[in-house]
Amino acid sequence: MVLAKITDHGLLMDQTSSETSSAGLFCCSPSELADKNGFEELSSGTLIPFKNIVWVEGALNESVEITYVEQQDSHLKVRTVVADVTGGKQSNEPGSKSAVSQLMALAYANSEPKKSVIVFVNPHSGKGKAIHLYAHEVEPILSAARYHVELVKTEYTGHATEYMKHVDINKYDGVICASGDGIPHEVLNGIYSREDRVRAFERLFIAQTPCGSGNAMALSCLGTLKPGLATLEIIKGHTVRSDLMLICSKSAGLRVSFLSQTYGVIAEADIGTEWMRFIGEIRFDIGVAFKILRRKQFPCRVAVKRITNDKQELLERYKSQYQQHGVTRLLDEDALKPKYFDGQLFDDNQLPAGWEWLDDNVTQNLSIFYAGKLPYISKDVDFFPAALPNDGAIDLVLFDGRAQVWKSAHSLLQLDKGMHVWHDHVDHMKVESLKLVPMLEQGRTSYISVDGENFPVETIQVEVLLGVMKTVMNDGRYKDSGFLAHIP
Ligand SMILES: Nc1ncnc2c1ncn2[C@@H]1O[C@H](COP(=O)(O)OP(=O)(O)OP(=O)(O)O)[C@@H](O)[C@H]1O
């Protein structure tokens with residue numbers, strides 16, 4: 001029998017007793033385990049952090065069966081061990097709990113166990129790898145954590161939207177998208193079009209296990225691109241209410257967006273290189289570099305309702321807000337409705353109060369228009385380093401296409417640390433709402449990308465919706481973008 005002790009740091013397994021009786025647990029020596037993510041070697045055994053424990057139940061003779069995950073070859077593997085557990089508040093002490101309930105409470109300190117979820121798997125995502133990733137990395141952990149899973153393999157574009165429009169939300173706690181960013185976008189829009197959308201947004205969390213080629217949601221909220229680790233974070237993380245953006249346009253009406261809207265070089269690299277999908281994520285970098293070198297410009301007009309007037313003000317605002325999280329305002333229908341769209345876009349000649357047009361010299365020569373809500377748009381691309389989950393702001397970044405090529409190239413080389421925003425030819429501001437009016441010459445085609453998906457090239461108005469999306473984040477915040485650490 002394995003002996004185990006509840007300590008302040010995790011469940012300490014007695015190595016001597018385990019070596020003879022625990023199949024598959026200590027597959028390597030304690031010193032090897034110490035190198036593995038999430039495991040620490042203590043003087044007399046090996047520690048399973050509470051975070052790695054996904055289920056605990058009683059076994060024969062008052063022993064306890066513990067199901068946990070451990071890292072093996074950069075993947076998380078599910079393990080089970082039966083142990084005699086001591087320590088903590090044992091049942092012979094007054095006010096004590098059984099080892100099972102103590103361990104479950106410690107394992108699920110920030111979240112509820114055993115949820116019921118809809119899982120969308122997009123067979124088309126990430127060069128067609130999503131089904132394999134789901135089956136080998138995500139499903140085993142959900143199953144070990146006793147999640148009830150309603151599995152939906154998407155069959156066509158818009159399937160997740162249709163499904164979410166009609167599903168009985170009372171049966172579920174959340175939605176997990178084993179996909180790229182396209183499926184969370186569809187899920188959110190399905191929910192947005194429901195009559196009971198307030199209750200649906202209040203009830204369901206939406207999270208992503210990264211199985212696509214664009215996985216900004218998992219990267220920014222869960223801090224990982226590994227589907228197994230993301231699953232563990234979803235099970236164990238804090239629930240956070242994050243802002244959404246509402247896009248209003250003539251042909252598409254109202255659409256919610258959780259990630260970004262972009263026009264210019266990035267949209268062309270994202271959507272315009274879809275035919276290069278077979279080479280994976282790198283197609284995006286190649287597309288951007290190519291367009292920058294050709295000094296392509298994308299004329300437009302941009303109006304904003306500003307929150308920050310300059311970069312210094314933005315920095316101060318970020319400093320005062322990045323520690324705060326949580327939205328106290330209750331969700332209601334008004335929180336989901338547009339303020340500046342009544343079925344029509346407002347007249348460009350009559351800006352609403354508090355709005356202003358940005359400098360035409362910049363916008364007529366723009367190379368990149370990028371508005372977003374998440375810091376990381378892809379691995380090593382910290383495009384919105386000052387983004388915060390629920391600050392009621394959209395981060396807007398504009399690149400002036402008149403900058404010399406070496407300056408543009410230099411700023412793009414600093415995307416990994418988010419330092420591009422400090423360059424002179426880059427505008428960086430927080431806005432409450434914005435209007436983009438593309439002004440391409442007759443006959444020229446281009447792209448607008450919304451959450452990485454193709455959108456009609458037309459005038460859009462975008463408004464922030466405060467704290468609408470319930471999602472999961474490791475410690476209740478976005479992955480640290482290092483914005484404060486990288487001030488030039
Ligand atoms: N069965 C299907 N066949 C084709 N397309 C699908 C299918 N199911 C969903 N889709 C569409 O695939 C698109 C891309 O999905 P997703 O974002 O999950 O993957 P991705 O690999 O990150 O894609 P992208 O290269 O566009 O970033 C979505 O717009 C979605 O509607």
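Along each chain, numbering runs from 1 in the same order as the chain's sequence is written. The model is predicted, so local features are restricted to residues of pLDDT at least 70 and side-chain atom pairs to those at 80 or more, both for listing and for counting; the totals for chains, interfaces and linings are taken over all residues. As a rule here, side-chain values come from all non-hydrogen atoms in the structure, and water together with hydrogens is ignored.

Going by an unreviewed UniProt entry, the chain carries the name DAGKc domain-containing protein and comes from Ogataea haglerorum.

Some details on the pattern of salt bridges
We define a salt bridge as a contact between a side-chain nitrogen of Lys or Arg and a carboxyl oxygen of Asp or Glu at a distance within 4 Å. For the coordinates displayed, the defined rule picks out 18 salt bridges. The shortest N-O distance in the salt bridge between Lys165 and Glu162 comes to 3.1 Å. Here Lys165 and its partner Glu162 are both found in helix α6 (residues 159–166), 3 residues apart, which amounts to about one turn of the helix. The residue Glu432 makes a salt bridge to Lys339 at a minimum N-O spacing of 3.8 Å. With Glu432 in strand β19 (residues 426–438) and Lys339 in the loop between α14 (333–336) and β16 (355–357), the pair connects residues that are 93 residues apart, well separated along the chain. To sort residues, take the accessible area from a 1.4 Å probe on protein chains only and compare it with the maximum for the residue type: under 20% means buried, over 50% means exposed, and anything in between is partly exposed. Looking at Lys339, the relative accessible area reads 63%, which means it is exposed. Sharing partners across several salt bridges, the network here consists of Asp243, Lys373, Asp391, Asp395 and Lys430. Numbering of helices and strands runs from the N terminus, with a helix taken as a DSSP run of H or I at least four residues long and a strand as a DSSP run of E at least two residues long.

Examining the packing of α6 against helix α7 (residues 182–192)
Any two packed helices are characterised by the angle at which their axes cross and by the distance between the axes. Only the contacting stretch of a helix is used when fitting its axis, a line to C-alpha atoms as for every element, and angles between N-to-C directions run 0 to 180 degrees. Their axes nearest at 7 Å, the elements α6 and α7 cross at an angle of 30 degrees. Regarding the angle of α6 to α7, the classification is roughly parallel. Here α6 runs over α7; the crossing is right-handed. Across from His159, Ala160, Thr161, Met164 and Lys165 in α6, the residues of α7 making contact are Ile183, Glu186, Val187, Asn189, Gly190 and Ile191. In the contact of α6 with α7, the residues fall into 5 nonpolar, 4 polar and 2 charged. By definition in this entry, angles of less than 35 degrees are roughly parallel, angles greater than 145 are roughly antiparallel, angles of 65 to 115 are roughly perpendicular, and the rest are oblique. Take the far helix as your reference; a near helix turned counterclockwise from it by less than a right angle gives a left-handed crossing, and one turned clockwise gives a right-handed crossing. Only heavy atoms enter the contact rule, under which two residues are in contact if any of them lie within 4.5 Å. Each residue gets one of three labels, nonpolar for Ala, Val, Leu, Ile, Met, Phe, Trp, Tyr, Cys and Pro, charged for Asp, Glu, Lys and Arg, and polar for the others, Gly among them.

A look at the environment of Met245
Mapping Met245 onto the fold places it in strand β12 (residues 238–249). In the structure, Met245 is positioned 16 residues away from Gln261 in sequence and 9.4 Å away in space, judged by C-alpha atoms. Not counting residues within four places of it along the chain, the set of residues in contact with Met245 comprises Arg255, Val256, Ser257, Phe258, Leu259, Ser260, Gln261, Gly372, Lys373, Ile394, Val462 and Glu463.

What to know about the packing of aromatic side chains
A pair of Phe, Tyr and Trp rings is counted when the ring centres sit within 6.5 Å of each other, with Trp represented by its six-membered ring. The angle between the planes then sorts it: under 30 degrees is stacked, over 60 is edge-to-face, the rest tilted. This structure, assessed with the given rule, holds 12 aromatic pairs. Ring centres of Tyr340 and Trp355 lie 5.1 Å apart, and the angle between their planes is 80 degrees; this geometry places the pair in the edge-to-face category. Linking Tyr340 in the loop between α14 and β16 with Trp355 in strand β16, this pair joins segments that are 15 residues apart in sequence. Tyr340 gets classed as buried once you look at its relative accessible area, which sits at 16%. Using a relative accessible area of 9% as the deciding quantity, one classes Trp355 as buried. Three or more aromatic residues link up through ring pairs in this structure, and these residues are Tyr318, Tyr322, Trp422 and Phe483.

With respect to the pairing of strand β15 (residues 300–306)
A regular strand places its side chains on the two faces of the sheet in alternate fashion. The buried count for β15 comes to 5 of 7 residues, which makes it a mostly enclosed element. When DSSP finds two or more bridges between a pair of strands, those strands are recorded as paired. Here 7 bridges tie β15 to β19, and the two strands are oriented antiparallel to one another. Bridging across to β19, Cys300 finds its partner in Pro438. When β15 meets β16, the two strands line up antiparallel, connected through 3 bridges. If you follow Val304 over to β16, its bridge partner there is Glu356.

Notes on a nonpolar patch on the surface
In this scheme, patches are assembled from residues that exceed 30% relative accessible area and form no salt bridge. Like charges are connected within 9 Å, while nonpolar side chains (Val, Leu, Ile, Met, Phe, Trp, Tyr) are connected within 5 Å. Residue exposure ignores everything except the shown protein chains as possible cover, and the areas themselves are Shrake-Rupley values with a 1.4 Å probe. On the surface, Met1, Leu3 and Val82 cluster together into a nonpolar patch covering about 250 Å² of accessible area. Among the structural elements, Leu3 can be located in strand β1 (residues 2–6). A relative accessible area of 39% means that Leu3 is categorised as partly exposed.

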